Amino acid sequence: MPGFYNEINVFTGNSNPKLAKDVCEYINLPLGRAEIFEFSNENIFCKINESVRENDVFVIQSLSTPVNRSIMELLIMIDALKRASAGRITAVLPYFAYGRTDKKDQPRVPITSRLLADMITVAGANRVLTVDLHAGQIEGFFNIPVDHLTAVHILADYFVAKQLTNPVVVSTDLGNAKRARNFAELLNCPLALIEKRRTGNDDRTSVLNLIGTVKGHQAVLIDDEIDTGGSMVQAAQRVADEGVTEIYAACIHGILSGPAIERLKKSPIQELVITDSVPLTQAKQIPNIKVLTVARLLGECIMRVHAGASVGALFHPGSSNFSS
Ligand code: R5P
């Protein structure tokens, strides 16, 4: 298929280099040569070490820990690429930070995800490719095209292969209900919902209500992200108290900050399944966490964007989605 730009270049910042390497392997391309580092005064510097003139350039950067540094790296790389006359720049964001600050739901609070969208655009990105935004409407914060991918089917394929005999999908909160419904459809099983209410602006949550039947089932809890683990572990406890037979947990973005690992270790969750949209550092690797890759999903999408081919077709049931 003919592309509209010259060659593809794929660069990465420092936040998720392993995923960037795996994406390049999928599309059979060497990772672009660039240096990006911090001076002792914490100023970040970037140098692109190959020509990108009129090329179709993709910058892969998860906006994960250290979050604000990852954001600055992304913006600075985009600026460098723009000044190097790249033909088109796509910010590939396997994880988009600040997604939970997406509305003015109290007086005098920011909408930081909108601010971040503006910053990425002003830096010079022409397109964005991202995975499971916390809220779909964040896509509309950008005035440039956004390909918003989902990795739910990657999680679902894993659980289907497990051949659970009597599963029920449980959404850890109402805001996540649509994602959970799609997941339950893929697992061909019923859905239950937990109504969760946050008790303040910090990370404390309280589980209030369980809607649906879980007793006697294998519960598969799903959320878009696990941050401190509070929501997921409380949800797990809630369904354990209802008499489920087994508890699995799944999320796209395993942030696993602060007390998350300790909480998970003490929880009744027997296996947690996440993706590599955010890297799982050595310190967070415990035996019952399974990591699935989004490299093929991103690689396929990058090739389609470059070729001007449909990205939506990737998600049509029955389509043979990926190259082998
Ligand atoms: C919130 O609305 C999200 O869907 C997740 O439930 C939340 O990010 C999880 O945070 P934590 O793990 O700190 O409870």
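(A) Broad picture of the sheet that holds strand β6 (residues 127-131). Taken together, five strands build an open sheet; the order of strands is β1-β4-β5-β6-β7 and the sheet is parallel. The open sheet has two free edges, formed respectively by β1 (8-12) and β7 (146-149), since each of these has just one partner strand. Each neighbouring strand pair of the sheet contributes to a mean axis angle of 15°, computed without reference to strand direction. Where β6 and β7 come together, four bridges link them in parallel fashion. Directly across from Val-128, in β7, lies its bridge partner Val-146. Across the sheet, helix α1 (residues 17-27) touches β1 and β4 (56-60), and the angle it forms with β1 is around 160°.

(B) Up close: the environment of Ala-117. Here Ala-117 is to be found in helix α3 (residues 112-123). Residue classification places Ala-117 among the buried positions, given a relative accessible area of 0%. For the pair Ala-117 and Asp-157, spaced 40 residues apart in sequence, the C-alpha to C-alpha distance is 31 Å. Among residues more than four places away in sequence, those in contact with Ala-117 are Phe-96, Phe-141 and Phe-142.

(C) Quick peek at the domain arrangement of the protein. Once the domains are mapped, the protein shows domain 1 (8-150 + 295-315) and domain 2 (152-292). Between domain 1 and domain 2, the C-alpha centre-to-centre distance is 27 Å. Of the residues lining the interface, 17 residues belong to domain 1; the matching set on domain 2 comes to 17 residues. If you sort the residues of domain 1 by the area they bury against domain 2, Tyr-95, Arg-100 and Asp-132 come out on top, with a joint share of 41%. Remark: the boundary between domain 1 and domain 2 carries three salt bridges. Residue Glu-225 is joined to Arg-100 by a salt bridge in which the shortest nitrogen-to-oxygen separation is 3.2 Å.

Reading the values: the criteria
Residues numbered from 1 in each chain as written. Predicted model: local features only at pLDDT ≥ 70, side-chain atom pairs only at ≥ 80, totals over all residues. Heavy atoms only, no water. Pairing = 2+ DSSP bridges. Helix = DSSP H or I, 4+ residues; strand = E, 2+ residues; numbered from the N terminus. Axes fitted to C-alpha atoms, helices over the stretch in contact; angles between N-to-C directions. Contact = heavy atoms within 4.5 Å. Buried < 20%, exposed > 50% of the residue type's maximum accessible area, 1.4 Å probe, protein only. Domains from an automatic or database assignment. Buried area = accessible area lost by both parts, 1.4 Å probe. Salt bridge = Lys/Arg side-chain N within 4 Å of Asp/Glu carboxyl O.

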